[in-house]
Amino acid sequence: MFTYSQTTETLSQPPLGKLCLFHQRTGHSAKKITLKQGYLLLEHNKRAKLPPMNADALILAADSALRTLFATSRASRAMPVPSQQLSQQPDGLSAPTQAQTSLTETEKALSGALMRVNHVGEVCAQALYTGQALASQNPALRQKLDAACREETDHLAWTLERLNQLNSRPSLLNPLWYAGAFAIGYGAGKLGGDKLSLGFVVETENQVEAHLASHMTHLPANDLASRAIVSQMRLDEMAHARMAQKEGAVELPEPVKRLMGAAAKLMTRVAHHV
Ligand SMILES: [Fe+2]
Ligand SMILES: [Fe+2]
């Protein structure tokens, strides 16, 4: 079994914190030897070491998971409101009255289900970005991933607040969604490096953007509050995809894209109800 050990040895690329961890077997070093069918195989030998893991990053990852799953997230931006959305429309329509925007119980249930799906997407975004930032050895890229992650925190907070307003609830399976997305983010970064990891960001954000666009047609027409949130989220997701593209993302193979699409579809269907 591999163990974690504290060390003060000099690192070729010092991490942000002072305390470092090595994947290390007592008396031996460890070496990445084979990448085969997506599995990382490790074999100890006396010459090579795995890249160091940063204790601060690990703590931040655990903190992110706990905050995402069990705390009420705080947005750094105000929640988008319908008046903002309306002011962007050039048709000169006046603001709707309270009666025009109040929802029936059926409409509330539909909006609640759709916003629950969106909230799950944001839980996964937190996990994906956190996993990718942890896997990356590039401080500049980690900063960009962190910045995108902060915007995803806004989305997380907005969707949760809207769920509460609709008297609905988050998915009961959020820990499962988080674990799966974290594994994908961390695995992509470790197995394929930054460019593949960024490829996942581009494809994920593109799929999320398309999904949010479809929600704009499925949400009740008079649920302007949910529409304002989804609309701003769409803009942010497109910006995240552009950021990843600019940072040198590689295009994922078609079968991987299709697999991601199928997984997202399954998640969407389950989260609609559970
Ligand atoms: Fe998001
Ligand atoms: Fe995003």
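Preceding block: the structure.
Positions within a chain are numbered from 1, following the residues in the order the chain's sequence is written. To read the labels, note that chains go from A and ligands from 1, taken in the order they are written. Local features in a predicted model are, by the rule used here, given only for residues with pLDDT of at least 70; side-chain atom pairs are given and counted only at 80 or more, and totals for whole chains, interfaces and linings are based on all residues.

## Description of the overall build of the chain
Basically, it comes down to this: We count a stretch as a helix when DSSP gives it H or I for four or more residues in a row; a strand needs E for two or more, and each element gets its number in order from the N terminus. The exposure scheme places C-beta atoms from the backbone and then counts, for each residue, the other C-beta atoms within 10 Å of its own, assigning buried at 20 or more, exposed at 12 or fewer, and partly exposed in between. Residue pairs are scored as contacts if the distance between their C-beta atoms, which are placed from the backbone, is within 7 Å.
In terms of regular secondary structure, the chain is built from 8 helices and 5 strands. The linear arrangement of helices and strands in the chain, starting from the amino end, is β-β-β-β-β-α-α-α-α-α-α-α-α. Burial status across the chain gives 32% buried among its 274 residues. For the chain, restricting intrachain contacts to residue pairs at least 6 apart in sequence, the fraction spanning at least 24 positions comes to 75%.

## Focus: helix 5 (residues 139–165)
Filter applied, for reference: Here a helix's expected span is defined as the number of its residues, less one, multiplied by 1.5 Å.
The terminal C-alpha atoms of helix 5, which comprises 27 residues, lie 39 Å apart, in line with the 39 Å expected from a rise of 1.5 Å per residue. Positive backbone phi, approximately 55°, marks Asn167, located one or two places after helix 5.

## Quick look at the nonpolar core
Selection rule: Nonpolar cores are built from buried Ala, Val, Leu, Ile, Met, Phe, Trp, Tyr and Cys residues. These are joined into a set through C-beta atoms within 7 Å.
Core analysis: the largest hydrophobic core is formed by 47 residues, its most contacted members being Cys124 and Ala181. Counting only elements with at least two residues in this core, the list comes to helix 4 (105–135), helix 5, helix 6 (174–218), helix 7 (224–246) and helix 8 (254–273). If we ignore the near neighbours within four places in the chain, the residues touching Ala181 are Cys124, Ala127 and Leu128.

## A short note on the environment of Glu247
Its place among the elements puts Glu247 in the loop between helix 7 and helix 8. Taking the C-alpha atoms as reference, Glu247 lies 7.9 Å from Lys195; in sequence the two are 52 residues apart. For Glu247, the residues in contact, after removing those within four places along its chain, are Leu141, Lys144 and Leu198.

## Looking at the packing of helix 4 against helix 8
Quick note on the threshold: For helices, the fitted line uses only the C-alpha atoms of the stretch in contact; every axis is such a line through C-alpha atoms, and the angle between N-to-C directions lies from 0 to 180 degrees. An angle below 35 degrees is read as roughly parallel, one above 145 as roughly antiparallel, one from 65 to 115 as roughly perpendicular, and any other as oblique. Whether a crossing is left-handed or right-handed is set by the direction in which the near helix is turned from the far one by less than a right angle, anticlockwise for left-handed and clockwise for right-handed. Each residue is assigned to one class: nonpolar for Ala, Val, Leu, Ile, Met, Phe, Trp, Tyr, Cys and Pro, charged for Asp, Glu, Lys and Arg, and polar for all the others, Gly among them.
Interaxial distance between helix 4 and helix 8 falls to 8 Å at its minimum, and their mutual angle equals 130°. Compared by their axis directions, helix 4 and helix 8 come out oblique. Here the hand of the crossing between helix 4 and helix 8 comes out right-handed. Contacts from Ala113, Arg116, Val117 and Val120 in helix 4 reach Met267, Thr268, Ala271 and His272 in helix 8. Here the residues of the contact of helix 4 with helix 8 are counted per class, giving 5 nonpolar, 2 polar and 1 charged.

## Considerations on unusual backbone geometry
The backbone of Asn167 shows a phi angle near 55°, a positive value even though the residue is not glycine. Its place among the elements puts Asn167 in the loop between helix 5 and helix 6.

## Some thoughts on the environment of Ser168
Position of Ser168 relative to the elements: it lies in the loop between helix 5 and helix 6. Along the sequence, Ser168 and Ser111 sit 57 residues apart, while their C-alpha atoms lie 8.9 Å from each other. Residues within four places of Ser168 in sequence aside, it is in contact with Gly112, Met115, Arg116 and Leu163.

## Quick word on helix 7
Taking 1.5 Å as the rise per residue, helix 7 with 23 residues should run 33 Å; its terminal C-alpha atoms sit 33 Å apart, in good agreement. Along helix 7, the residues that are buried comprise Leu224, Ala225, Ser226, Ala228, Ile229, Val230, Gln232, Met233, Glu237, His240, Ala241 and Ala244. The first or second residue beyond helix 7 is Gly248, which carries a positive phi of 105°.

## Details of the packing of helix 4 against helix 6
Where helix 4 meets helix 6, the axes come as close as 8 Å, and the angle between the chain directions of the two elements is 160°. One way to sum up the angle between helix 4 and helix 6 is to call them roughly antiparallel. Handedness of the helix 4/helix 6 crossing: left-handed. In terms of residue class, the contact of helix 4 with helix 6 is made up of 17 nonpolar, 12 polar and 1 charged.

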